[in-house]
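Letter by letter, the chains look like this.
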Amino acid sequence: MPYGRGSTVSILQRDPGEQVQVLDVDGRVVDGAEVPDIDDETMVEMYRHMRLARHFDERAVSLQRQGRMGTYPPLSGQEAAQVGSAYALDSEDWAFPSYREHGAGFVRGMSLKQTLLYWMGDERGNQVPEDVNLFTISVPIATQIPHATGMAWASKLRDDDRAFLVYFGDGATSEGDFHEGMNFGGVFDVPCVYFCNNNQWAISVPRERQTVSETIAGKATAYGFEGVRVDGMDPLAVYQVTREAVEKAKNPGGDERRPTLIEAVQYRFGAHTTADDPSVYRDEAEVEKWRERDPLTRFEAFLRDRGLLDDERVAEIDERVDEEVADVIERAEEMAEPDPDRMFEHVYADLPAGLCAQRDSLRELRERHGDDALLEDE
């Protein structure tokens, strides 16, 4: 049966062991599913954002391999989860990324250039524009969950009409911050959507070694609110589930609790980061099996069937994406390197004595030897 906010049973009230799906692996609408109410041009734009995320990802990995940027965390395979969920947010809502949500960041208004600069080691890339409701990148695992929970609670106390969505991976569910954030969110009934990108691997630790719980979505029961499992490689299903969770966060009905835990089941096609070799811990056959569910292929097939895409329009989108990414890379690499002193800024309002000593020591070394000498390869 179809599930929706107007149905007898909400999508979010399904058994967390079930999995919400709209498109099958061939891009056809599954029996009993309802396509979410998204206009045609928005669907095509969602597809463009997914193509943009995939191409940016491929170019970023290539840049790292050429020594033109630092370690980078690939997202290929996870485009549907990121783009579908980000499209479900309203402009006034907030998103809290981990370190892999480049696609969600693009949708929310973070420029490609900013993202590229950050992974090139330039802290200016982490400077989120004031009109973009996106928290800064969080590399430590799960620390963003209490941040999002606290901001959601503050918003509720102020009677703001906002929802807060926080992304994290399956590995984060073993961290104390996950449990503390979820428990606090349940107790204070905050308007927060906890979005777990379950990509099957926490670096080299497989999902089955992360928890013996049947599902991650089922963990929400312990905190007194709803958990739902969704096909994270189906952008329409992700949008549908996230949109309902966002609406409930801001306008709960009856005895509904505001928070929701979404487990988006997906797979990362590439390495955990470019410093990782996944061939050491997983078989290529496993990767190829998941590639059969490639979110771009599925969504493109659906849009072609509806007459929204054809070869000509796909070629136009690809050309636009290629040019956009190439232009951003050129502009990012043309920027002057930041002064090393900047690494000591923007952490403390008043720099502690120990860091002042380190900064002064670095300045003295630079003065004595010069930057070129310090940066020389041995």
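Residues numbered from 1 in each chain as written. Predicted model: local features only at pLDDT ≥ 70, side-chain atom pairs only at ≥ 80, totals over all residues. Heavy atoms only, no water.

Novice: Please set out unusual backbone geometry residue by residue, giving values where relevant.
Specialist: Excluding glycine, most residues fall at negative phi; most peptide bonds, likewise, are trans. Phi at aspartate 189 is positive, roughly 50°, even though this residue is not glycine. With respect to the element layout, aspartate 189 can be found in the loop between α6 (176–187) and β3 (192–198). Phi at isoleucine 203 is positive, roughly 55°, even though this residue is not glycine. Look at isoleucine 203 and you get partly exposed, because its relative accessible area is 42%. (Helix = DSSP H or I, 4+ residues; strand = E, 2+ residues; numbered from the N terminus. Buried < 20%, exposed > 50% of the residue type's maximum accessible area, 1.4 Å probe, protein only.)

Novice: So what's going on with the environment of tyrosine 72? Which residues, and what values?
Specialist: For tyrosine 72, the position within the fold is in the loop between α1 (40–65) and α2 (79–87). What makes tyrosine 72 buried here is its relative accessible area of 0%. Along the primary structure tyrosine 72 and valine 61 are separated by 11 residues, whereas in three dimensions their C-alpha atoms are 6.9 Å apart. Among all residues touching tyrosine 72, those that are not within four sequence positions of it are Phe56, Asp57, Ala60, Val61, His102, Trp119, Thr273 and Thr274. (Contact = heavy atoms within 4.5 Å.)

Novice: Explain the pattern of salt bridges to me, and be specific about the residues and the numbers.
Specialist: According to the stated counting rule, one finds 34 salt bridges in the structure shown. With a closest N to O distance of 3.1 Å, arginine 313 and glutamate 41 form a salt bridge. Residue arginine 313 is located in helix α11 (residues 311–334), and its partner glutamate 41 is located in helix α1; the two are separated by 272 residues in the primary sequence. What makes glutamate 41 partly exposed here is its relative accessible area of 47%. Here arginine 304 ties to aspartate 311 by a salt bridge, and the two come within 2.9 Å at their closest N and O atoms. A relative accessible area of 57% means that aspartate 311 is categorised as exposed. (Salt bridge = Lys/Arg side-chain N within 4 Å of Asp/Glu carboxyl O.)

Novice: So what about helix α10 (residues 295–305)? Which residues, and what values?
Specialist: All buried positions along α10 are accounted for by Pro295, Leu296, Arg298, Phe299, Glu300, Phe302 and Leu303. At its buried positions, α10 is contacted by α1, α2, β6 (226–231), α8 (235–250) and α11. Where α10 begins, one side-chain oxygen reaches toward the backbone nitrogen of leucine 296, 2.9 Å away; that side chain belongs to aspartate 294. Looking one or two places after α10, you find glycine 307, whose phi comes out positive at around 80°. (Polar contact = N/O pair within 3.5 Å; in protein donor to acceptor, adjacent residues only side chain to side chain.)

Novice: Describe the packing of α1 against α11, listing the residues and the values that go with them.
Specialist: Close contact between α1 and α11 brings their axes to 9 Å; oriented N to C, the two are set at 45°. Considering the angle they form, α1 stands oblique to α11. For α1 against α11, the interelement crossing comes out right-handed. Between α1, through Glu41, Val44, Tyr47, Arg48, Arg51, Leu52, His55, Phe56, Arg59 and Leu63, and α11, the contact on the second element is made entirely by Arg313, Val314, Ile317, Asp318, Arg320, Val321, Asp322, Glu324, Val325, Ala326, Ile329 and Glu333. The residue makeup of the contact of α1 with α11, split by class, is 11 nonpolar, one polar and 10 charged. (Axes fitted to C-alpha atoms, helices over the stretch in contact; angles between N-to-C directions. Parallel < 35°, antiparallel > 145°, perpendicular 65-115°, else oblique. Left-handed = near helix turned anticlockwise from the far one by under 90°. Nonpolar A, V, L, I, M, F, W, Y, C, P; charged D, E, K, R; others polar.)

Novice: Outline the side chain of glutamine 64, supporting the account with residue identities and numerical values.
Specialist: Secondary-structure assignment places glutamine 64 in helix α1. The class for glutamine 64 is buried, based on a relative accessible area of 17%. Setting aside residues no more than four positions away along its own chain, glutamine 64 makes contact with Met69, Gly70, Thr71 and Thr274.

Novice: Got a sec to walk through the pairing of β6? Specific residues and values, please.
Specialist: With respect to burial, β6 is a largely interior element, six of its six residues being buried. Where burial is concerned, the two faces of β6 agree: the one with Glu226, Val228 and Val230 and the one with Gly227, Arg229 and Asp231 are both buried. Direction of pairing for β6 relative to strand β7 (residues 260–265): parallel, over a ladder of six bridges. For glutamate 226, the partnering residue across the bridge sits in β7 and is threonine 260. (Pairing = 2+ DSSP bridges.)

Novice: So what about the state of the cysteines? Which residues, and what values?
Specialist: What the rule picks out here adds up to zero disulfides. The closest cysteine sulfur to the non-disulfide-bonded cysteine 192 is located on cysteine 196, 13 Å from its own sulfur. Judged by its relative accessible area of 0%, cysteine 196 is buried. (Disulfide = S-S within 2.5 Å.)

Novice: Outline the environment of proline 74, listing residues and values.
Specialist: Mapping proline 74 onto the fold places it in the loop between α1 and α2. Overall, the relative accessible area of 6% leaves proline 74 in the buried class. Expressed as a C-alpha distance, the spacing of proline 74 and alanine 271, which sit 197 residues apart in the sequence, is 6.6 Å. For proline 74, the contacting residues outside a window of four places in its chain are Asp57, Val61, Arg100, Ala271, His272, Thr273 and Thr274.

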